[in-house]
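# Results of the structural survey
The primary structure of each chain is shown beneath.
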Amino acid sequence: MSNRQVDIEQELNSLWVHSGFGDDLCYLQLMSELAVVLRKFLEHLMPDHSNEVEDVLQVCLLAVHLKRHTYVGTGWITDWLYDICVFKWMLYQRQRGRTTKPVMAFDQWSEIVLNQTLHSAHASQIDIGKISRNLSAKQRLAVERAQMGDSSVCISRATQGRHDADLHAAIKVLYKHWGHLC
Amino acid sequence: MLTSELIQMLCSDHLPKRSARIPLSYFFAVGVLTAISFYSFNAWHLSKLGDLVYRGYFQYLLCCQLLIYASSAKIFVALSRPRGYAGYAISMLAIGLLLLWIPVLLASAYQRLGLSAEAISLNDWLPQVMWMVLFALPWMVLLFMHLRFMAPIHLRLSGAMAGLVSGTLTAMLQLLSGKEENLSFYIYSDSFTMVLLILIGALLGSRWIRW
């Protein structure tokens with residue numbers, strides 16, 4: 001097993017453990033990274049049908065999501081993924097009357113780059129959405145227009161009068177729901 | 001649909017999944033309860049049997065079948081998930097099958113040498129096999145339901161192993177409930193039932209198991 005594969009394995013395993021405890025962000029990141037890994041696998045398996053890679057990838061991701069309870073955590077997660085991917089790929093090929101050749105070992109781990117920045121930006125959006133779902137439309141607007149300083153909130157002078165009350169109400173709601181984390 | 005949209009959708013459905021150990025624990029509980037009831041019944045059954053050799057042979061057959069059941073159940077569980085690890089269960093299964101057939105092979109050798117005249121015909125045990133297959137089918141359906149819940153990669157092999165597990169369980173029940181005095185009868189009927197159920201399981205495995 002190459003060093004690159006071990007790195008990917010460790011990262012995926014860590015995300016798997018965290019998402020097992022109900023961390024939605026970790027699960028989102030995990031699925032996004034699995035998509036990167038599986039896409040590379042499938043490009044390796046289907047060099048002649050590259051336009052169908054995304055279809056098989058979606059089938060594989062759905063299978064991973066629905067059968068995630070079958071990974072017991074004792075073996076390599078990439079091996080488990082690899083088996084599911086090959087199974088779904090073979091099923092897909094057979095349904096289209098294509099022959100499948102025996103799958104050789106995958107050796108392109110060095111080419112897989114997990115896109116961390118994309119996921120963290122995406123995760124932030126999800127986080128903000130989750131926090132502000134308890135707010136009304138006016139309160140959400142007030143929070144969005146506010147500028148967070150070091151430890152204070154600044155509002156532009158033009159909108160201060162109108163949004164002051166909404167902002168304070170929003171902060172109260174946020175403190176009520178998320179104050180225990182402060 | 002874009003892959004990113006699918007991921008979003010899947011993440012919104014990230015609910016705790018029912019653990020795979022629940023149906024497995026049911027499965028093993030049935031096996032353990034059956035084994036315990038077998039042993040208790042066996043003690044009562046053996047008290048009625050006078051011949052010491054017969055008792056020993058009876059115990060020997062039961063142990064062979066328990067060994068086959070345990071190892072085939074372990075292989076079945078390993079096959080029900082990707083990269084499942086069966087360990088030494090395959091060798092144990094081979095040993096169990098070999099041990100089951102050694103007495104028959106020895107008896108056959110004795111018969112050829114003219115030392116024993118006792119033999120059983122096909123008509124004696126073939127009707128019994130049909131009943132055993134019918135009795136094993138509900139067990140096999142349960143195991144197939146478990147396979148559909150899990151994610152087996154080798155569909156035919158998983159189906160065949162489901163057939164073997166249900167066949168062995170039925171064979172053990174038949175051994176303890178039967179009143180046949182010739183114990184070779186059980187080996188023939190049990191082995192034929194197992195082979196038949198393995199074939200049925202392998203045939204149905206590739207058609208019924210979908211995930």
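Up top is the structure these notes are about.
One structure accompanies this document, and this report is about it.

## Some remarks on the overall build of chain B
Looking only at helices and strands, chain B features seven helices and zero strands. The order of α-helices and β-strands along chain B, N terminus first, is α-α-α-α-α-α-α. Each of the 211 residues in chain B was classed as buried or not, and the buried ones make up 31%. Nonlocal contacts in chain B, meaning residues at least 24 apart in sequence, comprise 79% of its contacts between residues at least 6 apart.

## Considerations on the packing of helix α2 (residues 24–45) of chain A against helix α1 (residues 3–12) of chain B
Contact geometry for α2(A) and α1(B): axes closest at 10 Å, N-to-C directions at 150°. Between α2(A) and α1(B) the crossing geometry is right-handed. Contact residues: α2(A) offers D24(A), Y27(A), L28(A), M31(A), S32(A) and A35(A), while α1(B) offers T3(B), I7(B), L10(B) and C11(B). Residue composition of the contact of α2(A) with α1(B), by class: seven nonpolar, two polar and one charged.

## Considerations on helix α4 (residues 77–95) of chain A
Residue and element names in this part refer to chain A. For α4, spanning 19 residues, the distance from its first C-alpha to its last is 27 Å, which sits close to the expected 27 Å at 1.5 Å a residue. Where α4 is concerned, the buried positions are I77, T78, W80, L81, I84, C85, V86, K88, W89 and Y92. Packed against the buried residues of α4 are α1 (3–20), α2 and α3 (53–66). Positive phi appears at G97, one or two residues downstream of α4, with a value of about 70°.

## Side note on the environment of I171(A)
All names here are of chain A. Within the secondary structure layout, I171 lies in helix α7 (residues 157–178). I171 gets classed as partly exposed once you count the C-beta atoms within 10 Å, which come to 16. Sequence separation between I171 and V143 is 28 residues, and the spatial gap between their C-alpha atoms is 8.3 Å.

## Considering the interface of chain A and chain B
At the junction of the two partners, chain A supplies 22 residues and chain B supplies 18 residues. Broken down by secondary-structure element, the contributors of at least two residues to the side of chain A that touches chain B are α2, α3 and α4 of chain A. In terms of residue count, the dominant contributor to the side of chain A that touches chain B is α2(A) (six residues).

Conventions adopted
- Residues numbered from 1 in each chain as written.
- Chains lettered and ligands numbered in written order.
- Predicted model: local features only at pLDDT ≥ 70, side-chain atom pairs only at ≥ 80, totals over all residues.
- Helix = DSSP H or I, 4+ residues; strand = E, 2+ residues; numbered from the N terminus.
- Buried ≥ 20, exposed ≤ 12 C-beta atoms within 10 Å, placed from the backbone.
- Contact = placed C-beta atoms within 7 Å.
- Axes fitted to C-alpha atoms, helices over the stretch in contact; angles between N-to-C directions.
- Left-handed = near helix turned anticlockwise from the far one by under 90°.
- Nonpolar A, V, L, I, M, F, W, Y, C, P; charged D, E, K, R; others polar.
- Expected span 1.5 Å × (residues − 1).

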